[in-house]
Amino acid sequence: MNKIIVIKYFNKIRLKHKLNIINKKRKKSLIKNSLVREEDIKTLINVWTIFKKSNINNFNNYFNVCLYASLVNRDVFILWVKYTEETDPVTKGLFGRMLMMTIIEFLEDINGMLGKELSQELKRNSMSDLVGELNKINKKFSSIKKENNSTLRKIRNNASAHKTK
């Protein structure tokens, strides 16, 4: 009988140790991921600034979309991590609401940003071959929005001041 208790105790200790190792690796991965995202944003800003200083303005829509997508990507990543780590239900609701609002706003904005002006900019810059791919990406975002908009809004509304009755 005592042998079984001792074995269970050591298994519990082993499991805690494994979980600690997994959590440490997860935190390192999250930090590394965050640094890569920030470097991406800084690089985009630096390159766009160099273009502007050189009076090269024929890629403004392209840089705007890239920067916007990178910023939203970063925000979604941070909010998702905070949401999944949070144990307090009120704080978890706040992160969930902010996550839904960020995704909803992104889906509202991205189609316009990937539309006519960017297509024309690509054509003006002898990149017409990319317009078809851009249209496919735009249609995919439109489809994602159409398929998920009501669910996202329902989650947002039930977790916020816009509560439904």
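Thresholds applied
Residues numbered from 1 in each chain as written. Predicted model: local features only at pLDDT ≥ 70, side-chain atom pairs only at ≥ 80, totals over all residues. Heavy atoms only, no water. Helix = DSSP H or I, 4+ residues; strand = E, 2+ residues; numbered from the N terminus. Rg over C-alpha atoms; globule rule 2.2 N^0.38 Å. Buried < 20%, exposed > 50% of the residue type's maximum accessible area, 1.4 Å probe, protein only. Contact = heavy atoms within 4.5 Å. Areas by Shrake-Rupley, 256 points an atom, 1.4 Å probe, with all protein chains shown as cover. Lys, Arg positive; Asp, Glu negative; His and termini not counted. Charge placed at Lys NZ, Arg CZ, Asp CG, Glu CD. pLDDT = per-residue confidence, 0-100. Polar contact = N/O pair within 3.5 Å; in protein donor to acceptor, adjacent residues only side chain to side chain.

Asks: Where do I start with the overall build of the chain in this structure?
Replies: What the chain contains, in helices and strands, is five helices and zero strands. Across the chain, helices and strands are ordered from the amino to the carboxyl terminus as α-α-α-α-α. For the chain, the C-alpha radius of gyration of 23 Å lies well beyond 15 Å, the compact-globule estimate for 165 residues. Each principal axis of the C-alpha distribution contributes one length, and for the chain these read about 80 × 45 × 25 Å. The buried share of the chain, reckoned over its 165 residues, is 25%. Sequence-distant contacts in the chain: of pairs separated by 6 or more residues, those separated by 24 or more amount to 64%. Surface exposure of the chain reaches about 12300 Å², of which carbon and sulfur atoms provide 59%. In the chain, which carries 33 positive and 15 negative side-chain charges, the distance between the mean positions of the two groups comes to 11 Å.

Asks: Got a minute to help me understand unusual backbone geometry in this structure?
Replies: With the exception of glycine, most residues fall at negative phi, and the peptide bonds are largely trans. Here Asn-55, not a glycine, exhibits a phi torsion of approximately 60°, which is positive. In this structure, Asn-55 sits in the loop between helix 1 (2–53) and helix 2 (60–85). Even without a glycine there, the phi angle at Ser-126 is positive, about 55°. Position of Ser-126 relative to the elements: it lies in the loop between helix 4 (116–124) and helix 5 (131–158). For Ser-126, a relative accessible area of 68% translates into the label exposed.

Asks: Help me understand the side chain of Ser-70 in this model?
Replies: With respect to the helices and strands, Ser-70 occurs in helix 2. Sequence-distant contacts of Ser-70, defined by excluding residues within four places in its chain, comprise Asp-40, Ile-41 and Leu-44.

Asks: Explain the confidence of the model for the chain to me, please; I cannot follow it from the model alone.
Replies: Regions with low pLDDT should not have their predicted coordinates read in detail. When pLDDT is averaged along the chain, the result is 88, and 95% of the positions lie at 70 or above. Across the chain, helix 4 holds the top mean pLDDT of 95, while helix 1 sits lowest at 83.

Asks: How should the side chain of Asn-111 be read in this particular structure?
Replies: Mapped onto the secondary structure, Asn-111 falls in helix 3 (residues 89–113). Reaching out from Asn-111, the side chain makes a polar contact with the side chain of Asn-138 at a distance of 2.3 Å. Leave out the neighbours within four places in its chain, and Asn-111 touches Asn-138, Phe-141, Ser-142 and Lys-145.

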